[in-house]
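Analysis of the macromolecular model
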Amino acid sequence: MGPAVRRLAAALVLAGAAFGGAGHSPASADTVLASPEPSPEAPRRLLLQLTSSDEKDINNLFYNAVNVQDFYGQDNAEVVIVAFGAGMQALYADVSPVAERVRSLMRYGVAFIGCANTMKTQNRTPADLIPGVEVVTAGVAEIVERQLAGWVYVRP
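Here's what I pulled together on the structure shown here. Just so it is clear, the model here is predicted, and its values are computed rather than measured. (Residues numbered from 1 in each chain as written. Predicted model: local features only at pLDDT ≥ 70, side-chain atom pairs only at ≥ 80, totals over all residues. Heavy atoms only, no water.)

1. With respect to the side chain of threonine 118
Residue placement: threonine 118 occurs in helix H5 (residues 116-121). For threonine 118, a relative accessible area of 10% translates into the label buried. (Helix = DSSP H or I, 4+ residues; strand = E, 2+ residues; numbered from the N terminus. Buried < 20%, exposed > 50% of the residue type's maximum accessible area, 1.4 Å probe, protein only.)

And the structure:
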């Protein structure tokens, strides 16, 4: 067997181990962690955009937040959900179809931020929000600034 064949055989063995071979967990086989690996000192920072009032869409977005915390560990991930437009409906205490879920996610460290510009157009005030929701002047500007500060932006 020549050197090229030996290199190919070695590569195939390594590939087999990476895709479910003995001693490897599925989580480590499919995602290679970038350096530095996530930790409380260097958490992964995820920014999610909420712009839908559809309960199915909202819950799917919330599952993304939970899945990220499950993957990295709650202490190794910071998750922020920024709502504006129709997404603000999820954060108003009197009409939210997911108010209990919002409160539950907050208990697990997920932060919620609402857009004051949207609230103004909807004749709402911060007092209308589920307690614990933060308010910024402009949701889109919050997303821009967090991206520039290194947050990973996902719009599910």
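2. A short note on the nonpolar core
Core analysis: the biggest nonpolar cluster contains 26 residues, and Phe62, Ile81, Leu91 and Phe112 have the highest contact counts within it. Top contributing element to this core by residue count: helix H3 (residues 55-72), with 5 residues. Discounting chain neighbours no more than four positions away, the residues touching leucine 91 are Ala83, Ser96, Val102, Phe112, Ile113, Gly114, Asp128, Leu129, Ile130 and Val133. Listed in part, the 9 residues of the second largest apolar core include Val80, Val82, Phe84 and Cys115. (Core = buried A, V, L, I, M, F, W, Y, C linked by side-chain atoms within 4.5 Å. Contact = heavy atoms within 4.5 Å.)

3. So, the side chain of serine 52
Positionally, serine 52 belongs in the loop between strand S1 (44-50) and H3. Polar contacts involving the side chain of serine 52 include one to the main-chain amide nitrogen of aspartate 54, which spans 3.0 Å. Here aspartate 57 takes part through its side chain, which lies 2.9 Å from a polar atom of the side chain of serine 52. With sequence-adjacent residues up to four places away left out, serine 52 is seen in contact with Asp57, Ile58, Ala86 and Gly87. (Polar contact = N/O pair within 3.5 Å; in protein donor to acceptor, adjacent residues only side chain to side chain.)

4. Quick word on the environment of glutamine 147
As for its placement among the helices and strands, glutamine 147 is situated in helix H6 (residues 139-148). The class for glutamine 147 is partly exposed, based on a relative accessible area of 38%. Distance in space between the C-alpha atoms of glutamine 147 and leucine 47 is 8.1 Å, their sequence separation being 100 residues.

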